[in-house]
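Spelled out from the first residue to the last, the chains are:
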Amino acid sequence: MKVDLYEKIWMWGVAVMLGLFFTSTAIAALRDSVHPPSHVETIDPTRVMADARFRVPGVSMDATGHVQVRVVGMTFAWLPAELTLPASTAVTFRVTSMDVAHGFEIVRTDGQTMVLPGYVSQFTTTFDPGEYLITCNEYCGVGHHTMAAKLHVVPRTQWQAPRVAVAPPAQLEATGGAHDHR
Ligand code: CUA
């Protein structure tokens, strides 16, 4: 088979680049322990809703006044589908997936993380008042484009912390689903 010189150059160029990309990823993962941008916290993806950390998805405030949001991703929805948060306040998001990889993105903010089944992704950010769209930016299947939620950010004085009792992030063990109310 005759392969044109330019075609040969491109083929070899692509092969070398793929080799470099794969090698650098492998070195970063194996030698430097660089993993996807998430927390290093694990979770059983088949028991997310029975896990104390995600049994009550949504917003809460802990004893120190820190606002936390728990979000569960699944094909093709974010749970809960609507959030209300105070402006100019540090908010910690904890996100996990029940099935495949999703991308949690609060559009036009720096609130964004990859969401992988088996892991809890976490980030902390603050917002200006307004309405924000939450989308999925990682292709996850035929309904990927419908995977969205809403975030309302209101002035701190107009915001009230929902009264829910949730396990603190430090509690890394599932409770066996004794109070599983999905
Ligand atoms: Cu979930 Cu795309």
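Residues numbered from 1 in each chain as written. Predicted model: local features only at pLDDT ≥ 70, side-chain atom pairs only at ≥ 80, totals over all residues. Heavy atoms only, no water.

(A) Summary view of the nonpolar core. Formed by 26 residues in total, the largest nonpolar core has its most connected members in Trp78, Leu85, Phe93, Phe104, Ile106 and Leu151. Among the elements of the structure, strand 3 (67-74), strand 5 (82-86), strand 6 (91-97), strand 7 (102-106), strand 10 (130-136) and strand 11 (148-154) are those that each provide at least two residues to this core. Top contributing element to this core by residue count: strand 11, with four residues. Setting aside residues up to four positions removed in sequence, Ile106 forms contacts with Phe93, Gly111, Phe123, Phe127, Tyr132, Leu133, Ile134 and Leu151. The next biggest cluster of nonpolar side chains, apart from the first, holds seven residues, and it includes Ile43, Val48, Met74 and Val120. (Core = buried A, V, L, I, M, F, W, Y, C linked by side-chain atoms within 4.5 Å. Buried < 20%, exposed > 50% of the residue type's maximum accessible area, 1.4 Å probe, protein only. Helix = DSSP H or I, 4+ residues; strand = E, 2+ residues; numbered from the N terminus. Contact = heavy atoms within 4.5 Å.)

(B) Quick peek at the sheet that holds strand 11. Read from one edge of the open sheet, five strands run 5-11-10-7-8, paired in mixed fashion. What marks the edges here is a single partner per strand, and that holds for strand 5 and strand 8 (112-115). Strand after strand, the sheet turns through a mean of 20° between neighbouring axes, direction not considered. Pairing analysis gives five bridges linking strand 5 to strand 11, with the strands arranged parallel. Directly across from Leu83, in strand 11, lies its bridge partner Leu151. (Pairing = 2+ DSSP bridges. Axes fitted to C-alpha atoms, helices over the stretch in contact; angles between N-to-C directions.)

(C) Here's a closer look at unusual backbone geometry. For the peptide bond that leads from Thr75 to Phe76, omega is 0°, which places it in the cis range. With respect to the secondary-structure elements, Phe76 resides in the loop between strand 3 and strand 4 (77-79). Backbone geometry at Ser88 places phi at a positive 50°, although glycine is not the residue there. With respect to the element layout, Ser88 can be found in the loop between strand 5 and strand 6. Given the relative accessible area of 63%, Ser88 is considered exposed. The phi torsion at Arg108 lies on the positive side, around 65°, for a residue other than glycine.

(D) Up close: the packing of aromatic side chains. One pass over the full model with this rule turns up six aromatic pairs. Consider the rings of Phe93 and Phe127, whose centres lie 6.0 Å apart with planes at 80°: the pair is edge-to-face. Highlighted residues: Phe93 in strand 6 and Phe127 in the loop between strand 9 (119-125) and strand 10, separated in sequence by 34 residues. Here Phe93 matches Phe127 in class, with each residue buried. Measuring from centroid to centroid gives 5.7 Å for Phe127 and Tyr132, while their planes differ by 50°, and the two rings are tilted. A single burial state applies to Phe127 and to Tyr132, both of which are buried. Following the ring pairs from residue to residue traces out a cluster consisting of Trp78, Phe93, Phe104, Phe123, Phe127 and Tyr132. (Phe/Tyr/Trp six-rings, centres within 6.5 Å; stacked < 30°, edge-to-face > 60°.)

(E) Region of interest: a nonpolar patch on the surface. A contiguous nonpolar surface patch, about 1300 Å² in accessible area, is contributed by Leu5, Tyr6, Ile9, Trp10, Trp12, Val14, Val16, Met17, Leu18, Leu20 and Phe21. Within the fold, Trp12 resides in helix 1 (residues 5-30). Residue Trp12 is classed as exposed on the basis of its relative accessible area, which comes to 61%. (Patch = residues over 30% accessible without salt bridge, like charges linked within 9 Å, V, L, I, M, F, W, Y side chains within 5 Å. Areas by Shrake-Rupley, 256 points an atom, 1.4 Å probe, with all protein chains shown as cover. Salt bridge = Lys/Arg side-chain N within 4 Å of Asp/Glu carboxyl O.)

(F) Here's a closer look at the pattern of salt bridges. Taken as a whole and assessed by the stated rule, the structure comprises three salt bridges. Two residues, Arg53 and Glu41, come together in a salt bridge whose shortest N-O distance is 2.7 Å. Taken together, the residues span a long stretch of sequence, with Arg53 in the loop between strand 1 (41-42) and strand 2 (58-61) and Glu41 in strand 1 at a distance of twelve residues. There is no split in this pair, since Arg53 and Glu41 are both buried. The closest approach of N and O atoms between Asp51 and Arg53, which form a salt bridge, is 2.9 Å. The class of Asp51 is buried, set by a relative accessible area of 3%. Assessed through its relative accessible area of 3%, Arg53 is described here as buried. A network of salt bridges, in which partner residues are shared, links Glu41, Asp51, Arg53 and Arg94.

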